There are 2 protein chains.
Amino acid sequence: MLKENDRLKDILEGIKPVDQRWIEKARGRTAQLVMPSRALGRLHDISERLCGIQQTLKPSIGRKAILVMAGDHGIVDEGVSAYPQEVTGAMVQTFLAGGAGINAICRHVDADVWVVDMGIIPELDTIHIKGGESLLINKIGNGTANFARGPAMSREMAKKAIIAGFHQASVLFQNGIEILGTGDMGIGNTTPSAAIGALITGADLDAMVGRGTGVDDEGLVRKRDAIRRGIELNQPNRDDGMDVLSKIGGFEIGGIAGCILAGAFHGCPVVIDGFISTAGALIAYILSPKAADYMFAGHCSAEPGHRTMLNYLNLEPILDLGMRLGEGTGGALAMSIMEGAAQVFKEVLTFAEAGVAGKESK
Amino acid sequence: MLKENDRLKDILEGIKPVDQRWIEKARGRTAQLVMPSRALGRLHDISERLCGIQQTLKPSIGRKAILVMAGDHGIVDEGVSAYPQEVTGAMVQTFLAGGAGINAICRHVDADVWVVDMGIIPELDTIHIKGGESLLINKIGNGTANFARGPAMSREMAKKAIIAGFHQASVLFQNGIEILGTGDMGIGNTTPSAAIGALITGADLDAMVGRGTGVDDEGLVRKRDAIRRGIELNQPNRDDGMDVLSKIGGFEIGGIAGCILAGAFHGCPVVIDGFISTAGALIAYILSPKAADYMFAGHCSAEPGHRTMLNYLNLEPILDLGMRLGEGTGGALAMSIMEGAAQVFKEVLTFAEAGVAGKESK
């Protein structure tokens, strides 16, 4: 226990804000590119933030990876999901077979897929490798407890989940990954995510809770009711990220928070996917607000509360395509846009280099 | 003249609506993919439309190209642009040198860049090849006339512009390009585009006219005034695409309309870029409403009237990143999303193939 407390303290103390001077330098270069002022809009903001994070004027989106964090959720006992719980493990197998949405999109954007068992119910082989995708085991438990009836996990487990996510992401960064996307798999996990979102942002619970994988009207009522009871019963302290995670969170949500802290710690960009990943980002943000400097929001989910969560983090999503799959799909797809932004920044000539006249002065 | 009339008639008669049965078949496959119903949102719509256009369940975004149509505009005499007119030719040279925004983005998405001189003022070498980018010459004139004082071009020139664009795009399709994006370069060309947009959609002129490359408040007043006078003087018939193009259009806008008709004629998808490309799309649509079946809107421009034009065409933009450069940049970037959509459609396993349980039935 003491060791983990120390480790977390070291992590949080190791996170530095992004150096604004690099962002300013980058803005200076953007202003010289042979196009009207900031005519590529958000692409400039993205490339300049990358310059700030990487402390360079040659931003690079080289080797990419998605860490798909998987976990099961006791809250499914309340009838909050349209799918049976065994789908979590079955989808993990599908990721490893290369057959899911995240695999197809990662092949397209040339990103590695790593799947982490953060706490699903079934036991899978360690380091199962098939079709190039790898499984990492960091099982904190065989699914969380039902948070409508008590805390989802102990505070120690919450800490372990975050440190495990931090560790897995750190290994990838140390092995040359330059940008990491967070992904999730866990039947029922829009329920803890909505609970975290409502608690931390202070938004109305009903507006925060959507249909997830597609529950019907009665399921939606059960889901809202379960969250309301869970928050009332557990009384999570919204200023204490570890308390929130342990009482109403999930193992994969903790893992995602750890990934994001790792990006901030190592000075690398992290692309947050959708609703569940953003719940993890909120936990990371409560633990270290400076971590937000390293976050990119891959997309805006169709899940209604997602925009509110992103606004709280002051993040503007790159894509808005009505996606709501999770797995890291929105973040992976956005990496391709970020890579384009970096290439524009590095490759477009300046007005002077191109020999093109600038704006007419009066 | 007679020959060109016949040619255009053949083109328009050769355009068939997309076969809805293929789209239905594609929706059937989407429903089986191992994910909640349509959980990848717009990616499904994109891949299904590609299936319809290509008449296949193996949609392919293979070889890609952007045709950047360049032209000059007499309307700049009215003080409607922030940049001097010689920038058009200088930017064409920059495209050929591989140094502009469109070049960087096309390298990123692996698309060819073809630049067409549809009627810029300077004379450049024919088939100038440098850095892999090629210049095609289809000069209809050395810039249009000032449409605030008379028609921009004759009806014959308008027809020539459209047929030239059709021809250039057809050659690319015949040489194996599977998806084409439209691009534009022409100082002053948001002015004819706004005129076309306001006339065809019926939207308020002031709402349709934006700052283009960045005119100041007085420039904006001059721009709106010039368009108002041009429409009043020329009285273009909004139901006659050729009349609209000739009176208030531009050579590159005609070329873009021709490109889009070529996609529809050959059964290939065309990605429309921003404000100027969408003005071309409106001309193509007036000539053949069925052509809209083959159009994808790459992005929503920061130019305020663009959304209104896209709504008129019933097109939902893929990206919305505050871009307003033109050149084909938004369309090129969107191709990467479309390619991801096609890969998801082809590569994701079905529930049955993955052995994953579906939604719980009651």
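Residues numbered from 1 in each chain as written. Chains lettered and ligands numbered in written order. Predicted model: local features only at pLDDT ≥ 70, side-chain atom pairs only at ≥ 80, totals over all residues. Heavy atoms only, no water.

Another point: the overall build of chain A. Looking only at helices and strands, one finds 15 helices and seven strands in chain A. Relative to the globule expectation of 21 Å for 362 residues, the C-alpha radius of gyration of chain A, 20 Å, shows essentially globular dimensions. The principal-axis extent of the C-alpha atoms belonging to chain A is close to 70 × 45 × 40 Å. Sorting the 362 residues of chain A into buried and exposed places 64% on the buried side. (Helix = DSSP H or I, 4+ residues; strand = E, 2+ residues; numbered from the N terminus. Rg over C-alpha atoms; globule rule 2.2 N^0.38 Å. Buried < 20%, exposed > 50% of the residue type's maximum accessible area, 1.4 Å probe, protein only.)

This part is about the interface of chain A and chain B. Contacts between chain A and chain B engage 55 residues on the former and 56 residues on the latter. Contact between chain A and chain B buries roughly 4700 Å² in total, counting both sides, with carbon and sulfur atoms accounting for 63%. If you sort the residues of chain A by the area they bury against chain B, Tyr 83, His 108 and Leu 321 of chain A come out on top, with a joint share of 13%. In this structure, the connection of chain A to chain B is made through two salt bridges. Among the salt bridges present, the one from Arg 107 of chain A reaches Glu 347 of chain B, with a minimum N-O distance of 2.8 Å. One can count 19 residue pairs in polar contact (both at pLDDT 80 or more) joining chain A with chain B. Elements with a minimum of two residues in the side of chain A that touches chain B: α3 (42-54), α4 (87-96), α5 (101-109), α14 (329-347) and α15 (351-354) of chain A. Looking at which element gives the most residues to the side of chain A that touches chain B, the answer is α14 of chain A, with nine residues. (Contact = heavy atoms within 4.5 Å. Buried area = accessible area lost by both parts, 1.4 Å probe. Salt bridge = Lys/Arg side-chain N within 4 Å of Asp/Glu carboxyl O. Polar contact = N/O pair within 3.5 Å; in protein donor to acceptor, adjacent residues only side chain to side chain.)

A word on the environment of Phe 147 of chain A. Residue and element names in this part refer to chain A. Structurally, the position occupied by Phe 147 is in the loop between β4 (133-137) and α6 (155-174). Spatially, the C-alpha atom of Phe 147 lies 8.4 Å from that of Pro 192, the residues being 45 residues apart in sequence. Ignoring any residue separated from it by four or fewer positions in sequence, one finds Phe 147 in contact with Ile 75, Ala 152, Thr 191, Pro 192, Ala 195, Ala 226, Ile 227, Gly 230, Leu 233, Asn 234, Lys 247 and Ile 248.

Before going further, it helps to spend a moment on helix α11 (residues 251-266) of chain B. Owing to its 3.6 residues per turn, the α-helix aligns residues three or four sequence positions apart on the same side. All names here are of chain B. In this model α11 runs 23 Å from its N-terminal to its C-terminal C-alpha over 16 residues, within 8% of the 22 Å that 1.5 Å per residue would give. With 14 of its 16 residues buried, α11 lies for the most part within the structure. Just beyond α11, the residue with positive phi is Gly 267, at close to 70°. (Expected span 1.5 Å × (residues − 1).)

All right, on to the pairing of strand β1 (residues 64-71) of chain A then. All names here are of chain A. Across the eight residues that make up β1, a large majority, eight, are buried. Along β1, one buried face is formed by Lys 64, Ile 66, Val 68 and Ala 70 and the opposite face, lined by Ala 65, Leu 67, Met 69 and Gly 71, is buried too. Sheet analysis places β1 next to strand β2 (residues 111-119), joined by eight bridges and oriented parallel. Within β2, the position partnered with Ala 70 by the bridge is Asp 117. (Pairing = 2+ DSSP bridges.)

Our focus in this paragraph is the side chain of His 299 of chain A. All names here are of chain A. The residue His 299 is located in the loop between β7 (295-297) and α13 (306-312) in this model. Given the relative accessible area of 2%, His 299 is considered buried. A polar contact is formed between the side chain of His 299 and the side chain of Asp 273, at a distance of 3.4 Å. Once residues lying within four places of it in the same chain are set aside, the contact partners of His 299 are Ile 272, Asp 273, Gly 274, His 306, Leu 310, Pro 317, Ile 318, Leu 319, Met 323 and Gly 330.

This brings us to the relation of the copies chain A and chain B. Of the two same-sequence chains, chain A is brought onto chain B (RMSD 0.0 Å, axial shift 0.0 Å) by a rotation of 180°. Here the copies are linked by what is in effect a two-fold axis. Considering only C-alpha atoms, the part of chain A nearest the rotation axis is Leu 319 of chain A, at 3.3 Å. Comparing interface residues between copies, 100% of those in chain A also lie at the interface in chain B; the contact surface is shared. (Least-squares fit on C-alpha atoms with pLDDT ≥ 70 in both.)

Here we take up the packing of aromatic side chains. All names here are of chain B. One pass over the structure, following the stated rule, counts six aromatic pairs over all chains. Above the ring of Phe 345, the side-chain terminus of Arg 29 is found at 5.7 Å from the ring centroid. The ring of Phe 296 has Arg 49 lying over it, and the distance from NZ or CZ to the ring centre is 4.1 Å. (Phe/Tyr/Trp six-rings, centres within 6.5 Å; stacked < 30°, edge-to-face > 60°. Lys NZ or Arg CZ within 6 Å of the ring centre and 35° of its normal.)

All names here are of chain B. Roughly 310 Å³ of volume is contained in the largest pocket. Residue lining of the largest pocket: 15 residues in total, with Arg 49, Met 295, Asn 314, Leu 315 and Glu 316 positioned closest to the centre. Elements represented by at least two residues in the lining of the largest pocket include exactly α3 (42-54) and β7 (295-297). Tallying contributions element by element places α3 first for the lining of the largest pocket, with four residues. Tallied by class, the residues present in the lining of the largest pocket amount to nine nonpolar, one polar and five charged. (1 Å grid on protein atoms, 1.4 Å probe; cavity = no way out; pocket = protein on both sides within 12 Å on 5 of 7 lines; lining within 4 Å. Points joined across faces, edges and corners; volume = space filled by probe spheres on them. Nonpolar A, V, L, I, M, F, W, Y, C, P; charged D, E, K, R; others polar.)

Right, let's get into unusual backbone geometry. Residues and elements named next belong to chain B. One non-glycine residue, Asn 314, adopts positive backbone phi at about 60°. Topologically, Asn 314 is positioned in the loop between α13 (306-312) and α14 (329-347). Positive phi outside glycine occurs at Glu 327, with the angle close to 70°. By the secondary structure assignment, Glu 327 is in the loop between α13 and α14.

What follows concerns the domain arrangement of chain A. All names here are of chain A. Each domain of chain A was delimited in the assignment, giving domain 1 (7-59 + 345-354) and domain 2 (64-339). Relative placement of domain 1 and domain 2: their C-alpha centres are 28 Å apart. Listed per partner, the contact involves 17 residues of domain 1 and 27 residues of domain 2. Buried area between domain 1 and domain 2, both sides added, is near 1900 Å², and the carbon and sulfur share of it is 69%. Linking domain 1 to domain 2 there are zero salt bridges. At the boundary of domain 1 and domain 2, one finds seven residue pairs in polar contact (both at pLDDT 80 or more). Only α1 (2-13) and α3 provide two or more residues apiece to the side of domain 1 that touches domain 2. With seven residues, the top contributor of residues to the side of domain 1 that touches domain 2 is α3. Looking at the side of domain 1 that touches domain 2, its residues break down into ten nonpolar, two polar and five charged. (Domains from an automatic or database assignment.)

A word on the nonpolar core. Core analysis: the largest hydrophobic core is formed by 263 residues, its most contacted members being Ile 283 of chain A together with Ile 283 of chain B. Once residues within four sequence positions are removed from consideration, Ile 283 of chain A is found in contact with Ile 162, Ile 196, Ile 200, Gly 241, Val 244, Leu 245, Ile 253 and Ala 257 of chain A. (Core = buried A, V, L, I, M, F, W, Y, C linked by side-chain atoms within 4.5 Å.)

A separate point is the packing of α5 of chain A against α14 of chain A. Residue and element names in this part refer to chain A. Following both chains from N to C, one finds α5 and α14 inclined at 10°, their axes separated by 9 Å at the closest point. The pairing of α5 with α14 is recorded here as roughly parallel in orientation. Counting all contacts with α5, which are made through Gly 101, Ile 102, Ile 105, Cys 106, His 108 and Val 109, the residues of α14 involved are Thr 329, Ala 332, Leu 333 and Ser 336. For the contact of α5 with α14, the residue count by class is six nonpolar, four polar and no charged. (Axes fitted to C-alpha atoms, helices over the stretch in contact; angles between N-to-C directions. Parallel < 35°, antiparallel > 145°, perpendicular 65-115°, else oblique.)

The subject of this paragraph is the environment of Ser 60 of chain B. Residues and elements named next belong to chain B. Among the secondary structure elements, Ser 60 is positioned in the loop between α3 and β1 (64-71). With near-sequence residues (within four places) excluded, Ser 60 lies in contact with Gln 54, Glu 178 and Lys 346. Of the polar contacts made by the side chain of Ser 60, one reaches the side chain of Glu 178; its length is 2.9 Å.

Once that is clear, we can look at the pattern of salt bridges. All names here are of chain B. Scanning the entire structure with this criterion turns up 40 salt bridges over all chains. Residues Lys 9 and Glu 13 are paired through a salt bridge, measuring 3.8 Å at the closest nitrogen-oxygen approach. Here Lys 9 and its partner Glu 13 are both found in helix α1 (residues 2-13), four residues apart, which amounts to about one turn of the helix. Residue Glu 13 is classed as partly exposed on the basis of its relative accessible area of 48%. In this structure, the salt-bridge partner of Asp 239 is Arg 238, at a minimum N-O distance of 3.9 Å. By relative accessible area, Arg 238 is classed as partly exposed at 35%.

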